[in-house]
Amino acid sequence: MSGLLQGKRLLVTGVLTDDSLAYAVADLAQREGAEIVLTGAGRGINLTRRVARHLPSPPDVLALDVTVPDEVDAVVADLTERWGKVDGVLHAIAFAPASCLGGGFLEAPWDDVKVAVEISSYSLKVLAAAFRPLLQAAGGGAIVGLDFDATVAWPGYDWMGVAKAALESTARYLARDLGTDAIRVNLVSAGPVRTLAAKSIPGFNRFEEVWNERAPLGWDVGDPEPAARACVALFSDWFPKTTGEIVHVDGGYHAMGV
């Protein structure tokens, strides 16, 4: 039986553990028929290689630090030789130094803030520009990024929240500039999921305490699949004219008042 992504080839970044959103996307994408390659950065690539073995069909893992142009070029060269095209790219990349999180918003130095913005926001442009020719070769495709609602200020999220706001704006400008190539750029704004990345955010447990209570559809912080399903849908051919969009997968929390 053919799946939603049958015959598609995807690059998936950000898989570190099997509780990560990116892992859930990779797992579901394979179950829906996609062929995937994962990337990992720095020492974390060993974690990616280890967890890749848990997927239905263990994929290759390539080194990709978005701040190192040579590594970006090497992944492009590999996929050009391997596939000749790419149908989709998952951007699941975010990092902020400790000073940028946890309530020290006024004290965080620029040297740390710029790291958060470069890795968490500017990297979306880096991937889009680098893989544009391979997406063009596929006749267009989809870039999907993982987001966390940047329209409000969250406890402890601080400069990562600012970086997510930059990510959202970057996605809109990329949607504008890549539309003529039939390349769609969308974000999935997921509710809080108990991942390794989330655990590094001071005060994350406060999200857990209120989200299920306020979300009209309810919310399970231990279930990444709803967000993964949205990503897979956006990679599919079922959203051919949707770009520049932020799809909220948060149980409806974002739409509620007090």
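Our subject is the structure that appears above.
Please read these numbers as outputs of a predicted model, since none were measured by experiment. Sequence order as written defines the numbering, with residues in each chain counted from 1. With the structure being a predicted model, the display of local features is reserved for residues of pLDDT at least 70 and the display and counting of side-chain atom pairs for 80 or more, all residues being used for whole-chain, interface and lining totals. Water and hydrogen atoms play no part in the side-chain values, which are based on all heavy atoms of the structure.

Asker: So, the pairing of strand β2 (residues 35-40): which residues are in play, and what are the values?
Answerer: Between buried and exposed lies partly exposed: a residue is buried under 20% and exposed over 50% of the maximum accessible area for its type, with that area taken using a 1.4 Å probe on protein chains only. Helix and strand definitions follow DSSP, with helices as H or I runs of at least four residues and strands as E runs of at least two, each counted in order from the N terminus. The buried count for β2 comes to 5 of 6 residues, which makes it a mostly enclosed element. Being paired, for any two strands, means DSSP has found at least two bridges between them. Pairing of strand β1 (residues 9-12) with β2, which is carried by 4 bridges, proceeds in the parallel orientation. From the neighbouring strand, L11 faces β2, where its bridge partner is V37. The handedness of a crossover follows from its direction of travel: if, with the strands pointing away from the viewer, the path from the first strand over the helix to the second runs clockwise, the crossover is right-handed. A crossover links β1 with its parallel partner β2, the connecting element being helix α1 (residues 21-31), and its sense is right-handed. Both β2 and strand β3 (residues 61-63) contribute to a ladder of 3 bridges, which runs parallel. Paired with G40 across the two strands is A63, which belongs to β3. At this point the chain moves from β2, through helix α2 (residues 45-52), to the parallel β3, and the crossover so formed is right-handed.

Asker: So what's going on with the packing of α1 against helix α8 (residues 225-235)? Residues and values would help.
Answerer: Axis angles are defined between N-to-C directions and span 0 to 180 degrees, where every axis is a line fitted to C-alpha atoms and, for a helix, only to the segment in contact. At their nearest, the axes of α1 and α8 sit 8 Å apart, and the two run at 55° to each other. As far as their axial angle goes, α8 and α1 are oblique. Every pair of crossing elements has a handedness; the one defined by α1 and α8 is right-handed. Two secondary-structure elements touch here, α1 through L21, A24, V25, L28, A29 and R31 and α8 through E225, A227, A228, R229, C231, V232 and F235. Put simply, angles under 35 degrees are roughly parallel, angles over 145 are roughly antiparallel, angles from 65 to 115 are roughly perpendicular, and the rest are oblique. Less than a right angle of anticlockwise turn of the near helix away from the far helix marks a crossing as left-handed, whereas a clockwise turn marks it as right-handed. Whether two residues are in contact is decided by their heavy atoms, any of which lying within 4.5 Å being enough.

Asker: Give me the sheet that holds strand β6 (residues 183-190): which residues, what numbers.
Answerer: Backbone-to-backbone hydrogen bonds join strands into a sheet, with any given pair of strands oriented parallel or antiparallel. In spatial order, the strands read β3-β2-β1-β4-β5-β6-β7; together these 7 strands make up an open sheet with parallel pairing. This sheet does not close on itself; its edge strands, each paired only once, are β3 and β7 (246-249). Between one strand and the next, the sheet's axes are offset by a mean angle of 20°, whatever the strand orientation. Sheet strands in contact with α1 are β1, β2, β4 (88-91), β5 (141-147) and β6, and its direction is about 160° off that of β2. Helix-sheet contacts for α2 involve β2 and β3, and the interaxial angle to β3 is about 170°.

Asker: Tell me about the environment of G218, residues and numbers included.
Answerer: If you trace the backbone, G218 turns up in the loop between α7 (204-214) and α8. For the pair formed by G218 and I143, sequence separation is 75 residues and the distance between their alpha carbons is 28 Å. In this view, G218 contacts N212 and G251; residues no more than four positions away in its chain are not counted.

Asker: Would you mind going over the pattern of salt bridges in detail, with residue names and values included?
Answerer: One speaks of a salt bridge when a side-chain nitrogen belonging to Lys or Arg is within 4 Å of a carboxyl oxygen belonging to Asp or Glu. The tally for this structure, following the rule as stated, stands at 10 salt bridges. Note that K114 and D111 form a salt bridge whose closest N and O atoms lie 3.4 Å from each other. In this pair, K114 and D111 are both assigned in helix α4 (residues 110-137), 3 residues apart and thus about one turn of the helix distant. For K114, a relative accessible area of 37% corresponds to the partly exposed category. The shortest N-O distance in the salt bridge between R229 and E225 comes to 3.2 Å. One end of the pair is R229 and the other is E225, both in helix α8 and 4 residues apart, which spans about a single turn.

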